[in-house]
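Residue-level listing of the chains:
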Amino acid sequence: RTLTDLRKDFPFVDFALVKDEDDVLWTARKENEPSEMAATLCYERADEFLNWLKNRPERNIAVVAHWVFLKHMFTAHAA
């Protein structure tokens, strides 16, 4: 769904940090034909998210995400 549609359906959500009208990582082929470019973009998005998260003033934050995003985030930042 487009950003415009999401804003209509979820008026209580702040979409200010969403960059594009259409999510370049969310395509009809994403699950069946993952690409190296999509994986790279997901790693980059995970890095951006973690940088945003660590700069938040809150001490406790709940994160809800798609499993593929979490997999990329934890793979890239495994201890």
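Before reading further, recall that the structure is shown in the block above.
Colleague: Help me out: how do you make sense of the packing of aromatic side chains in this one?
Modeller: The geometry of an aromatic ring pair is captured by the separation of the ring centres together with the interplanar angle, meaning the angle of the planes. Taken as a whole and judged by the stated rule, the model has three aromatic pairs. Consider the rings of F10 and F12, whose centres lie 6.0 Å apart with planes at 90°: the pair is edge-to-face. Relative accessible area serves as the criterion here: at 69%, F12 is assigned to the exposed category. One aromatic cluster is present, built from ring pairs that chain together F49, W52 and F69.

Colleague: What am I meant to see in helix 3 (residues 67-76) here?
Modeller: In an α-helix, one turn spans 3.6 residues; hence positions three or four apart end up facing the same way. The complete set of buried residues in helix 3 reads F69, H72 and M73. Buried residues of helix 3 fall within an arc of 95° about the axis and therefore sit on the same side. Relative to its buried face, helix 3 has exposed residues pointing more than 90 degrees away, namely W67 and F74.

The rules we used
- Residues numbered from 1 in each chain as written.
- Predicted model: local features only at pLDDT ≥ 70, side-chain atom pairs only at ≥ 80, totals over all residues.
- Heavy atoms only, no water.
- Phe/Tyr/Trp six-rings, centres within 6.5 Å; stacked < 30°, edge-to-face > 60°.
- Buried < 20%, exposed > 50% of the residue type's maximum accessible area, 1.4 Å probe, protein only.
- Helix = DSSP H or I, 4+ residues; strand = E, 2+ residues; numbered from the N terminus.
- Arc of directions from axis to C-beta.

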